Amino acid sequence: LLWLVDIGLLMRRPVEWDQVLDDARRARIERLCLVGLALAHRVLRAPLPTEVERRLARDASVGRLVAQLAARLRDGRDGQRRRFPLSALDMRLRESLRDRALYVVRAAVTPTEADWNLVPEAMAPFALVARPFRLAHKWCTRDKAPANGI
């Protein structure tokens, strides 16, 4: 929720939103940015800049994603740990099949704090190799998610 408050505060400042969203589009995260801005508007009543409103009109999926995320916040499910690191929501936040595939690969191979904690410091580079195997073991054995994330 803190990141949402930060976004809401930023929305109250003079910002070149067209430039921000153009940069986001080039970085392939425009939908993520629009969802964050629209969610801050919906939940915190942060003012929605005209430039952002125009961009929101171009992506109909943003409204559905915002409604789903707002419901999760309202129901207290925003910080829950998940058994799997990816969800359908995570996939819909990405704009293309390529972005979704890259997200899946990154989630599979990028070590988390839990991964780093499993190996001694001298063997830290092996955390990079161990993560996909740890996730496969976890999913195949149906272990419960560890308390410190996956």
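Presented here is a report on the structure given in the accompanying data block. Here the residue index of a chain counts from 1 through its sequence in written order. In view of the model being predicted, local features appear only for residues whose pLDDT reaches at least 70, and side-chain atom pairs are presented and counted only at 80 or more, with totals across whole chains, interfaces and linings using the full set of residues. Values shown for side chains rest on all heavy atoms present in the structure; no hydrogens or waters enter the calculation.

## Here we look at helix α2 (residues 17–26)
Restricting attention to buried positions, one finds in α2 the residues Trp17, Leu21 and Ala24. Across the axial projection of α2, the buried residues extend over an arc of 55°, all falling on one side. Contact definition: two residues touch when any of their heavy atoms are within 4.5 Å. Only runs of H or I of at least four residues qualify as helices and only runs of E of at least two qualify as strands under DSSP, and these elements are numbered from the N terminus. On its buried face, α2 sits against α1 (2–10), α3 (30–44) and α4 (50–58). Only protein chains enter the accessibility calculation, which uses a 1.4 Å probe; a residue is then buried when its area is under 20% of its type maximum, exposed when over 50%, and partly exposed in between. Each direction from the helix axis to a C-beta atom contributes to the arc, which is the arc of those directions.

## Quick look at the packing of α1 against α3
Two elements in contact, α1 and α3, have axes whose closest approach is 9 Å; the angle formed by their N-to-C orientations is 90°. What the angle tells us is that α1 and α3 run roughly perpendicular. Here Trp3, Leu4, Val5, Ile7 and Gly8 of α1 come into contact with α3, specifically with Gly36, Leu37, Leu39, Ala40, Val43 and Leu44. Under the scheme applied, nonpolar residues are Ala, Val, Leu, Ile, Met, Phe, Trp, Tyr, Cys and Pro; charged residues are Asp, Glu, Lys and Arg; polar residues are all the others, including Gly. In the contact of α1 with α3, the residues fall into nine nonpolar, two polar and no charged. The convention used is that axes are lines fitted to C-alpha atoms, helices contributing only their stretch in contact, and that angles between N-to-C directions extend from 0 to 180 degrees. Our angle categories are set so that under 35 degrees counts as roughly parallel, over 145 as roughly antiparallel, 65 to 115 as roughly perpendicular, and the remainder as oblique.

## Description of the environment of Leu1
Mapped onto the fold, Leu1 is located in the segment before α1. The spacing of Leu1 and Ala40 is 39 residues in sequence and 9.7 Å in space, taken between C-alpha atoms.

## Some points on the nonpolar core
Among soluble globular proteins, nonpolar side chains are generally buried collectively. Within the largest apolar cluster, 21 residues are counted, with the highest numbers of intra-cluster contacts made by Met11, Val35, Val52, Leu56 and Val62. Put simply, the parts of the chain that give this core at least two residues each are α2, α3, α4 and α5 (61–74). It is α3 that contributes the most residues to this core, six residues altogether. Excluding anything up to four places from it in sequence, Val35 contacts Val62, Leu65, Val66, Leu69 and Leu93. Here, nonpolar core refers to any group of buried Ala, Val, Leu, Ile, Met, Phe, Trp, Tyr and Cys residues whose side-chain atoms link them within 4.5 Å.

## Description of the pattern of salt bridges
By definition here, a salt bridge exists when the distance from a side-chain nitrogen of Lys or Arg to a carboxyl oxygen of Asp or Glu is within 4 Å. Evaluation of the coordinates by the stated rule reveals 10 salt bridges. One salt bridge in this structure joins Arg55 and Glu30, with 2.9 Å as the shortest N-O distance. Taken as a pair, Arg55 in helix α4 and Glu30 in helix α3 lie far apart in primary sequence, 25 residues in all. Accessibility expressed as a relative area gives 11% for Glu30, which makes it buried. Each of Asp18, Asp22, Arg25, Glu30, Arg54 and Arg55 takes part in one network of salt bridges that share partners.

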